[in-house]
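In case you want the letters, here they are:
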Amino acid sequence: MRGLSQLTAGIPLRVILATFALGGAGGLLAMAAGLPLAVLLGSMVATAVAPMLGLRFFGQRPAVPQKWRFVLVPVIGVAIGAGFPADFLTQARQWWVTMAALVLFIPLAHALGYGLFRRVGKLSPPTAYYAAMPGGFIESLDMGEKAGADMPLLIMLQFLRLILCIVMIPIGFSIAEGHAVGSSAGMVLGTGAPLTALDVVVMVALAGSGWFIAAKLGMPAAMLSGPLLLSGLAHATGLTEAAPPGWSILVTQWVMGTSLGVRLAGFTKAQAGLAGLLSTLNVSLLLLIALGVALLLTTPVGEPVSAIILAFAPGGVSEMSLVALSLHVSAVYVSIHHIARIVLTVIFARYGQRFITPDT
């Protein structure tokens, strides 16, 4: 029984199953409504809003173990790796342009967010500083707690940064293109050939060993970056042509959306109101800057505007990579930029924190 309790994080299994059913229903309704990135957004909204309206399962608020979604993140990595183009190195030579822009974008984004949270939100300097970090969710919370930040508000602001990117980007693209985008239905990864038992074994091995190696090396977002790089190497060298089927990406959207939604439901209305306003202003500003960068650099970097916007969006690396897969843009380009964004954000934040004091 102890083993089962650890697996479910102490949450009754019937509550977990009911919560995932709620998320699945939300995803199906969103698909039927033709919404962008339907399964992810639908499951997330359903599991966030329903508890706020009083829904309980067996006397408990909807909940799922957060670690369960981590098991599916390597699926995204393997899928992205399967999309490594034959001329990857040739394309990557052009990416230095946006990589260099990223070095300028990150401190600018951090400074603008800090100013917004201080002047509009009247937040304390430590809370504003670590909430404004445009990446490194766990690192921002760790540094913020040590610096005396308002932790409930910091958690909410950082979490909404991830959520709003997931919501605003597909909707924005849908408005720009005049139709819903982001469905994984019919997605063909790799060659599209039927998977064999050997293909499945190879992909599981790439996912597990890639995650393990990346974690041992201390790579950022190890559960994504390791499988991505190992899968990319295996596909680029012709060792395999296997790729996760499209339905596995839908399942990943469902699990991730449900997991994110139940976390959003745990905050008070007062916290959610202030954090929602500040995060919406902050994320909107950063996405507008990302749009400007994309329009300016799309020709020299050789990537479409949508891919560059995603590469600079201040969302989570796993979530933005999943959005890239669903929007059929270069997930390899997007993921590599997001891994670099996390590393650079933490480096800049650690350097700048010496100038932030409670009395600033």
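Notes on the structure in this doc start here. Not measured: the values here are computed from a predicted model. (Residues numbered from 1 in each chain as written. Predicted model: local features only at pLDDT ≥ 70, side-chain atom pairs only at ≥ 80, totals over all residues. Heavy atoms only, no water.)

## Considering the overall build of the chain
Counting its regular elements, the chain contains 16 helices and zero strands. Here the C-alpha atoms of the chain give a radius of gyration of 20 Å, agreeing with the 21 Å that 2.2 N^0.38 yields for 360 residues. Overall, the chain is about 60 × 55 × 45 Å in size when its C-alpha atoms are taken along their principal axes. Counting over 360 residues, the chain shows a buried share of 53%. For the chain, the proportion of contacts with a sequence separation of at least 24, taken over those separated by at least 6, is 76%. Total accessible area on the chain is roughly 15,900 Å²; 70% of this is exposed by carbon and sulfur atoms. (Helix = DSSP H or I, 4+ residues; strand = E, 2+ residues; numbered from the N terminus. Rg over C-alpha atoms; globule rule 2.2 N^0.38 Å. Buried < 20%, exposed > 50% of the residue type's maximum accessible area, 1.4 Å probe, protein only. Contact = heavy atoms within 4.5 Å. Areas by Shrake-Rupley, 256 points an atom, 1.4 Å probe, with all protein chains shown as cover.)

## Considering the environment of P244
Secondary-structure assignment places P244 in the loop between α11 (222–236) and α12 (246–264). Each C-alpha atom, one on P244 and one on I289, is 34 Å from the other, the two residues being 45 residues apart in sequence.

## Notes on the packing of helix α2 (residues 13–32) against α12
Following both chains from N to C, one finds α2 and α12 inclined at 110 degrees, their axes separated by 9 Å at the closest point. Considering the angle they form, α2 stands roughly perpendicular to α12. With respect to the hand of their crossing, α2 and α12 are arranged in right-handed fashion. The segment α2 lies against α12, with T19, F20, G23 and G24 engaging W254, V255, T258 and V262. Looking at the contact of α2 with α12 residue by residue, the classes come out as four nonpolar, four polar and no charged. (Axes fitted to C-alpha atoms, helices over the stretch in contact; angles between N-to-C directions. Parallel < 35°, antiparallel > 145°, perpendicular 65-115°, else oblique. Left-handed = near helix turned anticlockwise from the far one by under 90°. Nonpolar A, V, L, I, M, F, W, Y, C, P; charged D, E, K, R; others polar.)

## So, the packing of aromatic side chains
Given two aromatic rings, one states the distance between the centres and the angle between the planes to describe the pair. This model, assessed by the stated rule, comprises seven aromatic pairs. Arranged with centres 5.2 Å apart and planes meeting at 75 degrees, the rings of W95 and Y333 form a pair that is edge-to-face. Note that W95 is positioned in the loop between α5 (88–92) and α6 (96–119) and Y333 in helix α16 (residues 331–352), a separation of 238 residues in sequence. The buried category is assigned to Y333, whose relative accessible area is 0%. Between R14 and the ring centre of F58, over which it is positioned, the NZ or CZ distance is 4.2 Å. (Phe/Tyr/Trp six-rings, centres within 6.5 Å; stacked < 30°, edge-to-face > 60°. Lys NZ or Arg CZ within 6 Å of the ring centre and 35° of its normal.)

## Structural notes on helix α15 (residues 317–326)
For α15, the tally of buried residues reaches 10 of 10 residues, placing the bulk of the element in the interior. Among the residues making up α15, those that are buried are V317, S318, E319, M320, S321, L322, V323, A324, L325 and S326. The secondary structure elements touched by the buried residues of α15 are α4 (67–82), α9 (151–177), α11, α12, α14 (305–312) and α16. Two residues or fewer after α15 comes H328, characterised by a positive phi angle close to 60 degrees.

## Considering the pattern of salt bridges
With the rule as written, the count across this model stands at two salt bridges. The partner of R69 in a salt bridge is E319, and the shortest N-O contact between them spans 3.6 Å. Here the residue R69 occupies a position in helix α4, and E319 occupies one in helix α15, the gap between them amounting to 250 residues. E319 sits in the buried class, given a relative accessible area of 6%. The salt bridge partner of D142 is K146, with a shortest N-O separation of 3.4 Å. One end of the pair, D142, and the other, K146, are both in helix α8 (residues 137–147), four residues apart, so they sit about a helical turn from each other. K146 sits in the exposed class, given a relative accessible area of 69%. (Salt bridge = Lys/Arg side-chain N within 4 Å of Asp/Glu carboxyl O.)

## Quick look at a nonpolar patch on the surface
Together, V45, V49 and L53 make up an exposed nonpolar region whose accessible area comes to about 290 Å². One can find V45 in helix α3 (residues 38–52). Accessibility expressed as a relative area gives 45% for V45, which makes it partly exposed. (Patch = residues over 30% accessible without salt bridge, like charges linked within 9 Å, V, L, I, M, F, W, Y side chains within 5 Å.)

## A short note on the environment of G42
Within the secondary structure, G42 is located in helix α3. The exposure class assigned to G42 is buried, which follows from its relative accessible area of 10%. A C-alpha to C-alpha distance of 25 Å links G42 and L285, two positions 243 residues apart in sequence. When neighbours within four sequence positions are excluded, G42 is seen to be in contact with G23, G26, G27 and A30.

## Section: the environment of H110
With respect to the helices and strands, H110 occurs in helix α6. In contact with H110, other than residues within four places in its own chain, are Y129, A132, M133, P134 and A349.

## Here's the deal with α2
Residues that lie three or four places apart on an α-helix share one face, since the helix turns once every 3.6 residues. Its 20 residues give α2 an end-to-end C-alpha distance of 29 Å, which sits within 8% of 28 Å, the value for a rise of 1.5 Å per residue. Within the span of α2, buried status applies to V15, I16, A18, T19, F20, L22, G23, G26, G27 and A30. Contacts made by the buried residues of α2 are with α3, α4 and α12. G34 occupies a position one or two residues after α2 and carries a positive phi of about 75 degrees. (Expected span 1.5 Å × (residues − 1).)

## Details of the nonpolar core
Within the largest apolar cluster, 87 residues are counted, with the highest numbers of intra-cluster contacts made by F117, L310 and F312. Per element, the largest residue contribution to this core is 14 residues, and it comes from α9. Leaving out residues up to four positions away in the same chain, L310 has contacts with I169, F173, M320, V323, A324, L327, V329, V334 and H338. (Core = buried A, V, L, I, M, F, W, Y, C linked by side-chain atoms within 4.5 Å.)

By themselves, these are just geometric observations and shouldn't be taken as functional.
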